[in-house]
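Architecture and fold: a report
Here are the chains, one letter per residue:
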Protein chains: 2
Amino acid sequence: MIDLRPVFHVIGLLTAALGLFMLPPMAFDLAEGDGNWRAFALSAFATTLAGVALALVCRAGRGPGLSLRQVFLLTSLTWIILPVFGALPLMIGAPHAGLTDAIFETVSGMTTTGSTVFTGLDDLPAGTLLWRGILQWIGGIGIIVVAIAFLPVMRVGGMQFFRSEGFDTMGKILPRAAGIALSISWIYLALTLACMFAYEALGMPFFDALVHAMTTMATGGFSTRDASFGAYQGPLEYVAGLFMILASLPFVRYIQLVAGSARPILRDPQVRAYLGLVAGLVGVITLYRMAVLGDHPEHSFREAFFNITSILSGTGFASVDYMNWGPFPVALFFVIGLIGGCTGSTACSVKIFRYQIAIAAIGAQIRSLHAPHGVFVPRYQGQPIGRDVIDSVSAFFVLFFFSLTGFSLILALLGLDTVTAVSGAATALANIGPGLGPVIGPSGNFATLSDAAKWVLVAAMLVGRLELFAVYVLFTRRFWAG
Amino acid sequence: MIDLRPVFHVIGLLTAALGLFMLPPMAFDLAEGDGNWRAFALSAFATTLAGVALALVCRAGRGPGLSLRQVFLLTSLTWIILPVFGALPLMIGAPHAGLTDAIFETVSGMTTTGSTVFTGLDDLPAGTLLWRGILQWIGGIGIIVVAIAFLPVMRVGGMQFFRSEGFDTMGKILPRAAGIALSISWIYLALTLACMFAYEALGMPFFDALVHAMTTMATGGFSTRDASFGAYQGPLEYVAGLFMILASLPFVRYIQLVAGSARPILRDPQVRAYLGLVAGLVGVITLYRMAVLGDHPEHSFREAFFNITSILSGTGFASVDYMNWGPFPVALFFVIGLIGGCTGSTACSVKIFRYQIAIAAIGAQIRSLHAPHGVFVPRYQGQPIGRDVIDSVSAFFVLFFFSLTGFSLILALLGLDTVTAVSGAATALANIGPGLGPVIGPSGNFATLSDAAKWVLVAAMLVGRLELFAVYVLFTRRFWAG
């Protein structure tokens, strides 16, 4: 039997913290004289109390560290249990959502997906809008900590490659995770503030700047406006694009940078490939728009830059409906959504380094074909890639496409048209936000989907954010045995 | 430098044989008093002459055997050079196609894809219709021989797993390939005749039965009728489904069966999985049609059985436009097209055994996650799967999805709408035949596509039929060096 007490002890502490995060929205609603503050007060009270109680009840079992299986459970259960509490203010207060919608919105927030079932954002109380921003913001920092501290030990999808940057010993995982969370938090906070000031400087009102800065750095994509970033076309799109890129780079490199060492970030092959990819894609789409649609250069470049960084990072802000750009950009947007950012950032999807390792493995495979007795070791940054990393990454790819297929089929079975089903599964699994087509595309909304479809998407968002294996392993009998 | 002479010697012989295969269509047109016989006479003469000349010119270089690189070149060049000659009768005679259409139709034939750019099939001369059938029929036997004799030595996409059934020594590859081709040919011929007689017995006219039997056993899907198999709804669909299944099973097992050993085919995990998959899918779609569309049980079952075996085997006959069955069947048809039949058959796509190996590898990966010091070896039929097989299969999967993405993007860039681009790339790469949507769906036709799109699809059909790596390896510098 797995001792669940240490797991629930930590989840209790995190839940209590979540409750405290409900106080700023309460304050905003109070300041604006909006009665909605009561929903946050009540939710904050209930959440903090439940969290503290859970932590206290499970305190007895707290041993010297966590076992590997406890780490798996902690990671998955955190993203399952916290959204239940996070949904409370959205049900008790505005917009008084039903259970399905509230859970969908909260999971979409905490997984930094950014798909929304809410309409009429322009008329929602400030507290509710801020709460959606906070959900993404803490989801973002949460996933960075998990990626740096937990996933390398969990050996999920090749993450053991980054083990040297994390930990080796289970016993120290919690204190060191706390330490890393602290250093990352300062950088995350500083970047968020910088983003907010930049938004303000270019004319965005303070409140919108605050929430958008949170959801930009979380690569989440919730907006305070129904028009999403379409309400802020112009120079603000450059700022957003820049910070979405910064949010997609490995945060460990920022710690090193702050410590005075610029070399690691400049030499990081993930960072280089990501920036190169952004440049290449923006170039292609800009040229395409100028050549095929006869569009103005600056306008083409700006819209390409903003929308590509938005999808590639998995943020999912939309400034225009790129469904109108023609079949090639639409297909390209679908594909780049399946690439994603760097690992150890708030960005989502498959991640750059997995493509780098897969391409290295395919290259070694092709080279070995006509020289069967040669030994071709795939390399990454000049270093040979370990067997287990290649196995993990390969399994991740195959499982990702199996999952995409499975979720697409289930959504189609629930009656969604093919484009909505496939792009809905992809956008949820890759934690992007918008899908394709008129229903859930950049100018659509997930509100019209059936409850069943929403729950399937909730599952896909969780599976995707937790890098597949961390969830699927819980469904094996062996995990629970012995 | 690679000595190309042995390669071209064999290709010359195969080309000469292709020329001889043009004589039956000539005879049919002569018998019907159709002047189109001259096109076949001329093409047969030119093709046989060119083939013999090539074989003679390159005879000098014929050594004791083929090197690995020569086997790669032989495989790829056969499917590139033979279609050029195979296209002659379609350009010189009816329907007097242009170069692009003639090459598209011939490559679609010889890769057993079955996508067609020809309309008005009902009015084409018998010789032309028979020639399309012959192209698929010899493409089918060709790919079985390649899969049994060449691919295991080429270690393409995990095919080395079947090495024990093939060869180990390069020196003997050609004589043994000829030997295998001979035994397989008898079985292939017998099954084709059986299929033809069954079609005839149930009322199909002799000529249609002959051509459809050829394209059924080749899992090719060319028809003599514009309505494809829609012209023969009813009991004939069961016969077609049965023979499409027989054509999708490993032909080596038939040799063993004829030799008196039924055990191998009954115990083959690929065969079991394939039959189980057919049963499951037919059951699901039958129930779906009865439940959701309120359809008659026998009608539901028959249409499900025919269309699922048609797509799963990569044949691509259409008896109805299943685009009208709703989003779930359409999405499912797309997915099962990416599964395919057993290796060593005429069936296409990724193939059952690769899914079995990938699932075993993912299972071992998941089991190892929470027990990092355990050793979990993926197994297939109880046997541990070799490292190189897992690497090959993983690389195949990833490369398949990369290729699918790449071809989809190129087609979208050429202006095809998203559904046509993605399903066109998939149906070409998996050698199925019909795509999805109104343009190239079951009731559509590839004629309306641009020439550029047709050439891209030609490339995709070749890459898919030759299992990706056999083609891609030719594009590496190292292949040509040293």
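Nothing here was measured: the structure is a model prediction, and the numbers come from that model. (Residues numbered from 1 in each chain as written. Chains lettered and ligands numbered in written order. Predicted model: local features only at pLDDT ≥ 70, side-chain atom pairs only at ≥ 80, totals over all residues. Heavy atoms only, no water.)

**Here we look at the relation of the copies chain A and chain B**
Screw-axis analysis of chain A against chain B gives a translation of 0.0 Å along the axis, an RMSD of 0.0 Å, and a rotation angle of 180 degrees. Such a turn and shift between the copies fits a two-fold axis. Taking the C-alpha atom as reference, chain A places S394 of chain A closest to the rotation axis, 2.9 Å from it. The overlap is high: 100% of the interface residues of chain A also sit at the interface in chain B, so the same surface is used on both sides. (Least-squares fit on C-alpha atoms with pLDDT ≥ 70 in both. Contact = heavy atoms within 4.5 Å.)

**As for helix α15 (residues 327-337) of chain A**
Among the eleven residues in α15 of chain A, nine count as buried, and that is most of the element. Three or more residues of α15 of chain A are buried, namely F328, P329, V330, A331, L332, F333, V335, I336 and G337 of chain A. Residues of α15 of chain A that are buried sit in contact with α13 (269-293) and α14 (297-312) of chain A together with α17 (387-413) and α18 (418-429) of chain B. (Buried < 20%, exposed > 50% of the residue type's maximum accessible area, 1.4 Å probe, protein only. Helix = DSSP H or I, 4+ residues; strand = E, 2+ residues; numbered from the N terminus.)

**A few points about the interface of chain A and chain B**
Interface size is commonly expressed as the accessible surface area that is lost when the partners come together. Of the residues lining the interface, 51 residues belong to chain A; the matching set on chain B comes to 51 residues. Both sides together, the interface formed by chain A and chain B hides about 4,400 Å², and carbon and sulfur atoms give 78% of it. At the junction of chain A with chain B, the criterion picks out two salt bridges. The partner of R387 of chain A in a salt bridge is D391 of chain B, with the nearest N and O atoms 2.6 Å apart. Contributions of two or more residues to the side of chain A that touches chain B are made by α4 (68-86), α15, α16 (352-369), α17 (387-413), α18 (418-429), α21 (469-472) and α22 (477-480) of chain A. The leading source of residues in the side of chain A that touches chain B is α17 of chain A, at 14 residues. A class-by-class count of the residues in the side of chain A that touches chain B yields 35 nonpolar, nine polar and seven charged. (Buried area = accessible area lost by both parts, 1.4 Å probe. Salt bridge = Lys/Arg side-chain N within 4 Å of Asp/Glu carboxyl O. Nonpolar A, V, L, I, M, F, W, Y, C, P; charged D, E, K, R; others polar.)

**Some points on the pattern of salt bridges**
Side-chain pairs of opposite charge can arise whenever the charged atoms involved come near each other. Residues and elements named next belong to chain A. Taken as a whole, this structure holds 28 salt bridges over all chains when the rule is applied. Salt-bridge contacts for R225 lead to D122; the nearest nitrogen and oxygen are separated by 3.7 Å. On the criterion of sequence distance, the pair formed by R225 in the loop between α9 (206-217) and α10 (235-247) and D122 in the loop between α6 (99-110) and α7 (126-154) is long-range, its members being 103 residues apart. Among the residues examined, R225 registers a relative accessible area of 30% and is labelled partly exposed.

**Some points on a nonpolar patch on the surface**
All names here are of chain A. Residues L182, W186, L189, L193 and F197 make up a contiguous nonpolar surface patch of roughly 540 Å² in combined accessible area. With respect to the helices, strands and loops of the structure, W186 is situated in helix α8 (residues 173-201). A relative accessible area of 60% places W186 in the exposed class. (Patch = residues over 30% accessible without salt bridge, like charges linked within 9 Å, V, L, I, M, F, W, Y side chains within 5 Å. Areas by Shrake-Rupley, 256 points an atom, 1.4 Å probe, with all protein chains shown as cover.)

**Let's talk about the packing of aromatic side chains**
For the structure on display, the rule yields 59 aromatic pairs over all chains. Where F229 of chain A meets Y232 of chain A, the ring centres are 6.0 Å apart and the plane angle is 65 degrees; that geometry is what we call edge-to-face. As far as burial versus exposure is concerned, F229 of chain A and Y232 of chain A are alike and both buried. Through a chain of ring-to-ring contacts, three or more aromatic side chains come together here, namely F396, F400, F401 and F469 of chain A together with F396, F400, F401 and F469 of chain B. (Phe/Tyr/Trp six-rings, centres within 6.5 Å; stacked < 30°, edge-to-face > 60°.)

**Considering the nonpolar core**
Grouped together as the largest cluster of nonpolar side chains are 340 residues, with contacts concentrated most on F72, Y199 and F469 of chain A together with F72, Y199 and F469 of chain B. Sequence-distant contacts of Y199 of chain A, defined by excluding residues within four places in its chain, comprise M204, A209, H212, A213, T216, F229, L236, V239 and A240 of chain A. (Core = buried A, V, L, I, M, F, W, Y, C linked by side-chain atoms within 4.5 Å.)

**Notes on the environment of G19 of chain A**
All names here are of chain A. With respect to the helices and strands, G19 occurs in helix α1 (residues 5-20). Residue classification places G19 among the buried residues on the basis of a relative accessible area of 0%. Note: C-alpha distance between G19 and S261 (242 residues apart in sequence) is 37 Å. In this structure G19 touches A44, T47 and T48, once residues within four positions along its chain are discounted.

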